[in-house]
Amino acid sequence: MALSFSRTALSITQQYFPSKKPTTKSTFLNLLSYKPHNVNKLSTISKPNPFSLTITKLSKNPKPKSHFQPVRSLFTGIVEEMGTVQHLGDTKDGGFDLKIEAKTVLEGVHLGDSIAVNGTCLTVTDFTNEDFTVGLSPETLRKTSLIELKTGSLVNLERAVQPVSRMGGHFVQGHVDGTGVIVEKKPEGDSLWIKVKADQGLLKYIVPKGFIAVDGTSLTVVDVMEEEECFNFMLVAYTQQKVVIPLKEVSQKVNLEVDILGKYVERLLSSGFVDSFKGSS
């Protein structure tokens, strides 16, 4: 139980305090010497003493209230497994579905959960013990490379992180900014260089040694070739075995999501936020 002091509210009966006006010192001495026999039988009095004692029973398993909501639709870019496309096509109600065979990402899955498929955040609309289905909107089909998938294609899969998850890569939203095209694959030892051509609108957010998500894989940019409108990165042997990028051929598309921090900075600069500080100095 916990003891707290207040000038109002519940107080111990008058018999535990002298009839004369108590001093701060005497009040604290009385409180220290007081040993309640039955807390539940404490009664209130109409005129509480200047110092009163409130006794509260604490729960055996207290659960502090949290002001934070569970994080949803945020990823790390660390691919959990590669799934296999079972079906991609129109539905009876005019929609467009993607059905994927998987294992790891099905653990604890629920309808409405978010799963990144090649870096695209999609919502689970149906699932079994062996596969799950997600719906694709027209905008998703236009913005990503998912339309190029076919039965048997392998895809990168990652579940949305939870507040207790480790951040192994970087903050990936699963909001694909656009697509790039693989223009070169070059081995070096057991590693593999990949060069990707991207639109200038995306390339301006890509910086050497910065983060980028390629088909949902968190990667570090090595170089940016402005004149070629390309950037490159290297895949180590382990990563090559865990993601779909090495399986793609030159001229195939990859989904790209640039680091969100760059877009926030650009937004602040264009809004005049920085100039407002200059004017006030």
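Residues numbered from 1 in each chain as written. Predicted model: local features only at pLDDT ≥ 70, side-chain atom pairs only at ≥ 80, totals over all residues. Heavy atoms only, no water.

1. Re the pattern of salt bridges
Here's step 1: The final tally for this structure, using the stated rule, is 7 salt bridges.
Here's step 2: Notably, a salt bridge pairs lysine 195 with glutamate 228, separated by 3.2 Å at the nearest N-O pair. With lysine 195 in strand S10 (residues 191-197) and glutamate 228 in the loop between strand S13 (223-225) and strand S14 (230-235), the pair connects residues that are 33 residues apart, well separated along the chain.
Here's step 3: Since its relative accessible area comes to 14%, lysine 195 is described here as buried.
Here's step 4: Looking at glutamate 228, the relative accessible area reads 41%, which means it is partly exposed.
Here's step 5: For lysine 204, the salt bridge goes to glutamate 266, with nearest N and O atoms at 3.0 Å. Pair noted here: lysine 204 is in the loop between helix H3 (200-203) and strand S11 (211-214) and glutamate 266 is in helix H5 (residues 260-270), with a separation of 62 residues, a long-range link. (Salt bridge = Lys/Arg side-chain N within 4 Å of Asp/Glu carboxyl O. Helix = DSSP H or I, 4+ residues; strand = E, 2+ residues; numbered from the N terminus. Buried < 20%, exposed > 50% of the residue type's maximum accessible area, 1.4 Å probe, protein only.)

2. Digging into the pairing of S10
Here's step 1: With respect to burial, S10 is a largely interior element, 5 of its 7 residues being buried.
Here's step 2: Where strand S9 (residues 178-188) meets S10, 7 bridges bridge the pair, whose relative direction is antiparallel. Each bridged residue has a counterpart across the sheet, and for isoleucine 182 the counterpart in S10 is valine 196.
Here's step 3: Taking the residues that link successive antiparallel strands as the turn, the S9-S10 hairpin has 2 residues, and the phi of glycine 189 there is positive, at about 65 degrees.
Here's step 4: Two strands pair when backbone bridges link them, and S10 and S14 are joined in this way by 6 bridges, in the antiparallel orientation. Bridge pairing in S14 places leucine 192 opposite leucine 235. (Pairing = 2+ DSSP bridges.)

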